[in-house]
Amino acid sequence: MRIYCLALYFFCSAVFATSCYITEEQRTENSIKYQDQVEIEITLSDSDYSVMISIPSQIGELPFQGVFLVTDSLEDPTFFTQLQSFEENGKNVAWYTINTGLIRRHFIVASFGECSMDVFREVLYHEI
């Protein structure tokens, strides 16, 4: 009986694990489709940029999971960190401040659902 339960457990785990595969093409399509729902507001104060990110609590049926800051490249980042988010007016909000002398190419990655549908958006400091 124990062997049967153990086999059933591993079978169920394997089925769940294989059902979460997202191709690179799907990831890119999802990001393009939903990137306008990730809002980025940038303000300059003295020599610091303040970046406020607003993310919906869900996209379709997929709940918000987290938001990340990636530096230089999405494929080979030189810096990667999760940003602390909090709920405000029905949306998830995160922010960071960075000195103008430290500006590089930055990306915001918002993750939704257990299978991590990611929405990428570049932070464009020069548009201020």
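## Things to note about the pairing of strand E8 (residues 106-112)
Phase 1 of the analysis: Counting buried positions over the seven residues of E8 gives seven, a clear majority of the element.
Phase 2 of the analysis: Where burial is concerned, the two faces of E8 agree: the one with His-106, Ile-108, Ala-110 and Phe-112 and the one with Phe-107, Val-109 and Ser-111 are both buried.
Phase 3 of the analysis: Bridging between strand E4 (residues 62-71) and E8 involves seven bridges; their strand directions are antiparallel. In the strand pairing of E8, Thr-71 is matched with His-106.
Phase 4 of the analysis: Bridging between E8 and strand E9 (residues 117-123) involves seven bridges; their strand directions are antiparallel. Within the sheet, the bridge partner assigned to Phe-107 lies in E9 and is Glu-122.
Phase 5 of the analysis: Between E8 and E9, which pair antiparallel in sequence order, lie four residues; one of them, Gly-113, sits at a positive phi of approximately 75 degrees.

## Concerning the environment of Cys-115
Phase 1 of the analysis: Here Cys-115 lies in the loop between E8 and E9.
Phase 2 of the analysis: For the pair formed by Cys-115 and Leu-62, sequence separation is 53 residues and the distance between their alpha carbons is 9.1 Å.

## Observations regarding unusual backbone geometry
Phase 1 of the analysis: Of note, Asp-46 is a non-glycine position whose phi angle comes to about 55 degrees, a positive value.
Phase 2 of the analysis: Secondary-structure assignment places Asp-46 in the loop between strand E1 (39-45) and strand E2 (48-56).
Phase 3 of the analysis: A relative accessible area of 78% means that Asp-46 is categorised as exposed.
Phase 4 of the analysis: Even without glycine at this site, Asp-72 takes up a positive phi of about 80 degrees.
Phase 5 of the analysis: Structurally, Asp-72 is set in the loop between E4 and strand E5 (79-83).
Phase 6 of the analysis: The exposure class assigned to Asp-72 is partly exposed, which follows from its relative accessible area of 22%.

Each value, and the rule that gives it
For every chain, the first residue of the written sequence is number 1, and numbering continues from 1 onward in sequence order. With pLDDT at 70 or above as the cut-off, local features in this predicted model cover only qualifying residues; side-chain atom pairs require 80 or more to be listed or tallied, and sums for whole chains, interfaces and linings still use all residues. The side-chain figures draw on all heavy atoms in the structure; neither hydrogens nor water molecules are used. Working definition: with a 1.4 Å probe on protein chains only, accessible area under 20% of the residue-type maximum means buried, over 50% means exposed, and in between means partly exposed. Secondary structure is summarised from DSSP: a helix means a run of H or I of at least four residues, a strand means a run of E of at least two, and numbering begins at the N terminus for each. By this definition, two strands are paired if DSSP reports at least two bridges between them.

Limitation: the analysis is restricted to geometry and does not speak to function.
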